[in-house]
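The residues making up each chain are set out below.
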Amino acid sequence: MISHVYSRERVAELLAAASAGDLVELADACLSDGAELAVLTAPEIGSVAAQVREPIAFEHFFLGDVLACRAEVSLAGVRGWAMRMGDDRAATLAAAICDAEVQADRPHADRVLELCARVEDHRLLADRDEWARLAPTIVQFEELT
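What this report covers is the structure whose coordinates are included nearby.

Here is what the cut-offs are and how they apply
Residues numbered from 1 in each chain as written. Predicted model: local features only at pLDDT ≥ 70, side-chain atom pairs only at ≥ 80, totals over all residues. Heavy atoms only, no water. Helix = DSSP H or I, 4+ residues; strand = E, 2+ residues; numbered from the N terminus. Buried < 20%, exposed > 50% of the residue type's maximum accessible area, 1.4 Å probe, protein only. Polar contact = N/O pair within 3.5 Å; in protein donor to acceptor, adjacent residues only side chain to side chain. Contact = heavy atoms within 4.5 Å. Expected span 1.5 Å × (residues − 1). Axes fitted to C-alpha atoms, helices over the stretch in contact; angles between N-to-C directions. Parallel < 35°, antiparallel > 145°, perpendicular 65-115°, else oblique. Left-handed = near helix turned anticlockwise from the far one by under 90°. Nonpolar A, V, L, I, M, F, W, Y, C, P; charged D, E, K, R; others polar. Pairing = 2+ DSSP bridges.

### Section: the side chain of R106
The topology assignment puts R106 in the loop between α3 (89-103) and α4 (109-134). Classification of R106 as buried rests on a relative accessible area of 13%. Separated by 2.9 Å, the side chains of R106 and D33 make a polar contact. Excluding residues within four positions of it along the chain, R106 makes contact with C30, D33, A35, L75, A76 and E101.

### Section: α3
Taking 1.5 Å per residue as the helical rise, α3 with its 15 residues ought to reach 21 Å, and the 21 Å between its terminal C-alpha atoms agrees with that figure. When α3 is considered as a whole, its buried residues turn out to be A91, T92, A94, A95, A96, I97, C98, D99, A100, E101 and V102. Taking the backbone nitrogen of A90 as reference, a side-chain oxygen 3.3 Å away marks D88 as the first, capping residue of α3. Just downstream of α3, D105 is the residue with a positive phi angle, here 50°.

### Looking at the packing of α3 against α4
α4 packs onto α3 with a crossing angle of 120° between their chain directions and a minimal axis gap of 8 Å. Between α3 and α4, the angle is such that the two are oblique. Crossing of α3 over α4 shows left-handed handedness. Taking contact as the criterion, the partners of C98, E101 and V102 in α3 are, on α4, A109, V112 and L113. Its residues assigned to classes, the contact of α3 with α4 shows five nonpolar, no polar and one charged.

### A closer look at the sheet that holds strand β3 (residues 78-85)
The three strands are arranged β1-β2-β3 in an open sheet whose pairing can be described as antiparallel. For this open sheet the edge positions go to β1 (37-53) and β3, each flanked by a neighbour on one side alone. Within this sheet the neighbouring strands show an average axis-to-axis angle of 25°, counted without direction. Where β1 lies against strand β2 (residues 60-75), 14 bridges are found, and the strand directions are antiparallel. Among the inter-strand pairings, V48 is bridged to a residue of β2, identified as V66.

The quantities given are spatial measurements derived from coordinates; they are silent on function.
Encoded structure:
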């Protein structure tokens, strides 16, 4: 049994960052038991507004439009949804299938959550590596008292 507990939003976020190959392979496994699959919204490409929060004043501002793909499925009667950056329809459909697998707590739900944990670990390591690379450039100021 998997030890990670993720909210549905966190699962969607991590599946959006997973590699296309991992998603497609896992979605194939999710479908291997012959469960009924209905594509409710075929993968469609569009643009979404990207908004960011400035880290000092915490003000939000519009960054621009980004290309994204979204899909929605029903797997064994349970809905799954995904949105990924870019235009990879197959990976987006696979992510929606993986989301439905988790939501229905089906046989491969633990494998989907394991993929989410690997993606999360990879992102944490990438952030740590980035900060280590930037550390020598940090300017330290002395406090005047």
